[in-house]
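Take a look at the letters that make up each chain.
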Amino acid sequence: MKRITVSIILFFAFENIVFCQIVSKDSLNLLFIKAPSFTIFQDNYFLTGISLNEKISNNSSDAKFQISFKQRLTNTNLPFNTYAFLTYTQKSFWDIYRNSSPFKENNYNPAIGIGKFFIRKNNCLNFIAITFEHESNGRDSIDSRSWNRICMDYKTFLSNRAYLFVKLWYPFDYKYDNPDLINYVGYGEVSYNQKFINDKIIFDLTLRKGASWDNKGAFNSQIAFRLSKNANQYLSINYYYGYAENLINYKVKTQMIRFGIVIKPSKFNLY
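About the thresholds
- Residues numbered from 1 in each chain as written.
- Predicted model: local features only at pLDDT ≥ 70, side-chain atom pairs only at ≥ 80, totals over all residues.
- Heavy atoms only, no water.
- Salt bridge = Lys/Arg side-chain N within 4 Å of Asp/Glu carboxyl O.
- Helix = DSSP H or I, 4+ residues; strand = E, 2+ residues; numbered from the N terminus.
- Buried < 20%, exposed > 50% of the residue type's maximum accessible area, 1.4 Å probe, protein only.
- Patch = residues over 30% accessible without salt bridge, like charges linked within 9 Å, V, L, I, M, F, W, Y side chains within 5 Å.
- Areas by Shrake-Rupley, 256 points an atom, 1.4 Å probe, with all protein chains shown as cover.
- Phe/Tyr/Trp six-rings, centres within 6.5 Å; stacked < 30°, edge-to-face > 60°.
- Lys NZ or Arg CZ within 6 Å of the ring centre and 35° of its normal.

Undergrad: Would you mind going over the pattern of salt bridges with me for this structure?
TA: Side-chain pairs of opposite charge can arise where the charged atoms are in close proximity. Summed over all chains, the structure comprises 16 salt bridges. Asp43 serves as the salt-bridge partner of Lys264, at 2.9 Å between the closest nitrogen and oxygen. On the criterion of sequence distance, the pair formed by Lys264 in the segment after β13 (254-263) and Asp43 in the loop between β1 (38-40) and β2 (44-51) is long-range, its members being 221 residues apart. Neither residue differs from the other here; Lys264 and Asp43 are each classed as buried. One salt bridge in this structure joins Glu133 and Lys167, with 2.7 Å as the shortest N-O distance. On the criterion of sequence distance, the pair formed by Glu133 in strand β6 (residues 125-136) and Lys167 in strand β8 (residues 162-172) is long-range, its members being 34 residues apart. The class for Glu133 is buried, based on a relative accessible area of 6%. Given a relative accessible area of 9%, Lys167 falls into the buried group. Taken together, the shared-partner salt bridges connect Glu133, Glu135, Arg149, Asp153 and Lys167 into one network.

Undergrad: Whenever I open this one, a nonpolar patch on the surface confuses me. Can you help?
TA: Among the surface-exposed residues, Leu73, Leu86, Ile112, Ile128, Ile130, Phe132, Ile150, Met152, Leu168 and Tyr170 lie close enough to one another that they form a single nonpolar patch of about 850 Å² accessible area. Elements supplying a minimum of two residues to the nonpolar patch: β6, β7 (146-159) and β8. Of the residues forming the nonpolar patch, the biggest block, three residues, is contributed by β6. Tracing the backbone shows Ile128 in strand β6.

Undergrad: Looking at this structure, I do not really get the packing of aromatic side chains. What am I missing?
TA: Two measures describe an aromatic ring pair: the distance that separates the ring centres and the angle between the ring planes. Under the definition given, this model contains 15 aromatic pairs. Both rings, one in Trp147 and one in Trp169, keep their centres 5.8 Å apart while their planes meet at 85 degrees; by these two values the pair is edge-to-face. One end of the pair, Trp147, is in strand β7; the other, Trp169, is in strand β8, with 22 residues separating them in the sequence. Both residues of the pair, Trp147 and Trp169, belong to the buried class. One aromatic cluster is present, formed by Phe46, Phe65, Trp94 and Phe103 through successive ring pairs. Looking at Arg149, its charged tip hangs above the ring of Trp169, at a distance of 5.6 Å from the centre. Against the face of Tyr163 rests Lys155, its NZ or CZ located 4.3 Å from the ring centre.

From the geometry alone we can't say anything about function, so treat these as descriptive.
So this is what it looks like as structure tokens:
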């Protein structure tokens with residue numbers, strides 16, 4: 001009976017956090033302790049599609065996939081009720097339609113950080129983190145691309161079905177491989193996520209502006225359709241327009257539309 005009671009409390013705690021109706025800080029701490037320590041971090045996906053600014057061919061079509069996960073290292077027992085975590089994201093571009101199907105580019109993005117949850121006066125959940133991130137393509141010589149950054153992440157739930165995510169970064173150790181990278185990736189990005197029709201459809205939008213005074217930047221949008229009621233697998237339509245979709249060609253403007261499957265983090269995933 002005790003186990004059933006705890007399960008019921010956790011279920012409603014999860015639901016309340018997701019829908020911006022947190023009862024107390026104690027329920028948040030209980031939820032955090034019971035939540036899985038190893039989870040999906042960003043979307044895991046496999047997409048394939050065509051270029052919209054080039055003639056459709058085997059060379060302009062590709063597959064793109066991403067693997068992303070997170071490991072929580074501690075509970076909220078660090079100073080100021082913070083916790084430590086590791087993340088790893090790998091994004092790959094595969095010329096699957098060309099002879100021998102070579103991989104065009106792989107981007108590796110490990111990170112370590114300290115995060116904290118807090119509750120606004122309207123009982124909505126918020127999250128802030130400071131992270132150290134490295135990103136590179138693992139190559140050498142003239143094909144080497146890499147950079148490091150100190151990031152501040154802020155996530156806030158705007159309603160029971162929408163959240164806003166702001167990521168700002170201070171870049172360093174990038175001028176040797178790609179001295180003008182910041183002109184294309186800028187100093188941060190903003191993401192918006194909205195759910196529709198009982199969470200069956202999710203719309204994502206990410207905007208990034210380069211540091212230069214021209215139109216360099218990126219626009220990345222996605223509409224995902226959930227495959228079944230209790231699954232976190234979705235059919236996805238993804239559109240990318242702009243620069244720095246990958247590191248090797250960060251100076252090249254791309255316009256791609258891709259289709260495929262996405263595995264999204266569970267709604268029980270705190271961050």
